[in-house]
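# Geometric and topological summary
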Amino acid sequence: MASERCTRPDRRAVLVGGALASLTAACGGARPAPPAQAPGPDGFAPGQPVAEAVAGGPGTVLGPADAVPPGGGVVYGRLAVVVTRTTAGELRGFSAVCPHDGCLVNEVTDASIVCPCHGSRFDLDGAVTRGPARGPLAARPVRVDRGHLVLD
Ligand code: FES
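Here the structure is a predicted model, which means the values were calculated and not measured.

This brings us to unusual backbone geometry. Working note: non-glycine residues mostly have negative phi, and peptide bonds are mostly trans. In this structure, P132 follows G131 across a cis peptide bond, with omega equal to 20 degrees. Checked against the element boundaries, P132 lands in the loop between strand 8 (128-130) and strand 9 (142-145). A positive phi angle, near 50 degrees, is found at D110, a position not held by glycine. Structurally, D110 can be placed in the loop between strand 5 (107-109) and strand 6 (112-114). Residue classification places D110 among the exposed positions, given a relative accessible area of 70%. Here A111, not a glycine, exhibits a phi torsion of approximately 60 degrees, which is positive.

Next up, the structure:
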């Protein structure tokens, strides 16, 4: 397990056994890797850093609108979008980028949008219901065009 303290390595430590790479990784301040998860229906593994996602632009077709169940939602990880549907049938689109530290949310379960990295949860309107995130998911409006969800 990596130490919480980071110390500057001496020259000998750097030269022995590739220690520089491991010290850099341990002390670089990077957040821990998210838990490994199976890829979603679009082939993107939820929880991957957003830099690996391809954010969708206006006009991008997400998929069939009826794939989003009332009281639930679907994460389109590769496009960094999550779409929910209220129990009344209204669709809501959000960025899938967690406002806490930039991971992608990975599922919608029990009427909650879940971020796998540190456990933040958001309701179907994108508002935080459990931290550490402090703010809501950013709106990412969608519309239905001939039965398909399309990014506005
Ligand atoms: Fe989502 Fe930390 S990045 S909870």
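There is more to say, and it comes next.
Turning to the state of the cysteines, a few remarks are in order. Across all of its chains, the model carries one disulfide by this definition. A disulfide bridge connects C103 with C117, and the sulfur atoms are separated by 2.0 Å. The sign of the S-S torsion, about -95 degrees, decides the handedness of the disulfide formed by C103 and C117: left-handed. Here C103, found in the loop between strand 4 (91-95) and strand 5, pairs with C117, found in the loop between strand 6 and strand 7 (121-122); they are 14 residues apart in sequence, far enough to count as distant. We classify C103 as buried; its relative accessible area is 2%.

Rules used in this analysis
- In this numbering scheme, every chain counts its residues from 1 along its sequence in written order.
- At least 70 in pLDDT is required for a residue's local features to be given in this predicted model, at least 80 for side-chain atom pairs to be given and counted, and no such filter applies to totals for whole chains, interfaces and linings, which use all residues.
- Think of the side-chain values as coming from all heavy atoms in the structure, minus any hydrogens and water.
- Where helices and strands are cited, they refer to DSSP runs of H or I of at least four residues and of E of at least two residues respectively, numbered from the N terminus.
- Exposure is judged per residue with a 1.4 Å probe applied to protein chains only, and the accessible area is read against the type maximum: over 50% gives exposed, under 20% gives buried, and values in between give partly exposed.
- The term disulfide is used for any two cysteine sulfur atoms that are within 2.5 Å.

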